[in-house]
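# Report on the structure
Here are the chains, one letter per residue:
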Amino acid sequence: QVQLVESGGGLVQPGGSLTLSCGASGMNSLTFSIYTLGWYRQAPGKQRDLVATITNRGGTNYADSVTGRFTISRDNAKKTVYLQMNRLKPEDTAVYYCNARLPSATTGHWGQGIPVTVSS
């Protein structure tokens, strides 16, 4: 069974940086490399929104609100996807979820989520 586990969240001051990681289990590296990977976030009282995605070819897509500040990357050998977050703002506060989806699928696997709080 595929499992995704996020790590690296926590409390950070405005303007600071954090790197989130999401490791996959229940699949080998070759299978992992096929997946489109993504990070989503859900703030209190709001819907879950896309933050960034990376395809199996390395193509990336970002929400307008994080473009230029966040970077998504993947290491297929480690079966891990990362989200480097710089110049964090209080409005980035949310629970962050990683997602792994086959290119032909409309749904995928979700991690359990990890909170990120940006506050002074």
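Residues numbered from 1 in each chain as written. Predicted model: local features only at pLDDT ≥ 70, side-chain atom pairs only at ≥ 80, totals over all residues. Heavy atoms only, no water.

### Overview of the layout of surface pockets
Here the largest pocket is characterised by a volume of approximately 180 Å³. Along the wall of the largest pocket there are 14 residues; nearest its centre are Arg 41, Ala 43, Lys 46, Asp 49 and Glu 91. Looking at the lining of the largest pocket, the element that brings in the most residues is strand E5 (residues 48–54), giving three residues. In the lining of the largest pocket, the residues fall into six nonpolar, three polar and five charged. (1 Å grid on protein atoms, 1.4 Å probe; cavity = no way out; pocket = protein on both sides within 12 Å on 5 of 7 lines; lining within 4 Å. Points joined across faces, edges and corners; volume = space filled by probe spheres on them. Helix = DSSP H or I, 4+ residues; strand = E, 2+ residues; numbered from the N terminus. Nonpolar A, V, L, I, M, F, W, Y, C, P; charged D, E, K, R; others polar.)

### Focus on the pattern of salt bridges
Applying the stated rule across the entire model yields two salt bridges. Arg 69 is the partner of Asp 92 in a salt bridge, and the nearest nitrogen-oxygen pair spans 2.7 Å. With Asp 92 in the loop between strand E8 (80–85) and strand E9 (94–101) and Arg 69 in the loop between strand E6 (60–62) and strand E7 (70–75), this residue pair connects regions lying 23 residues apart in the sequence. In this pair, the class of Asp 92 matches that of Arg 69, namely buried. Members of the salt-bridge network, linked through shared partners, are Arg 41, Arg 69 and Asp 92. (Salt bridge = Lys/Arg side-chain N within 4 Å of Asp/Glu carboxyl O. Buried < 20%, exposed > 50% of the residue type's maximum accessible area, 1.4 Å probe, protein only.)

### Comments concerning the pairing of strand E4 (residues 36–42)
Most of E4 sits out of view: six of its seven residues are buried. Here E4 runs beside E9; their pairing, made up of seven bridges, is antiparallel. The residue of E9 that forms the bridge with Arg 41 is Tyr 96. Sheet analysis places E4 next to E5, joined by six bridges and oriented antiparallel. For Gly 38, the partnering residue across the bridge sits in E5 and is Thr 53. Connecting E4 to the next strand, E5, in antiparallel fashion are five residues, including Gly 45 with a positive phi near 75 degrees. (Pairing = 2+ DSSP bridges.)

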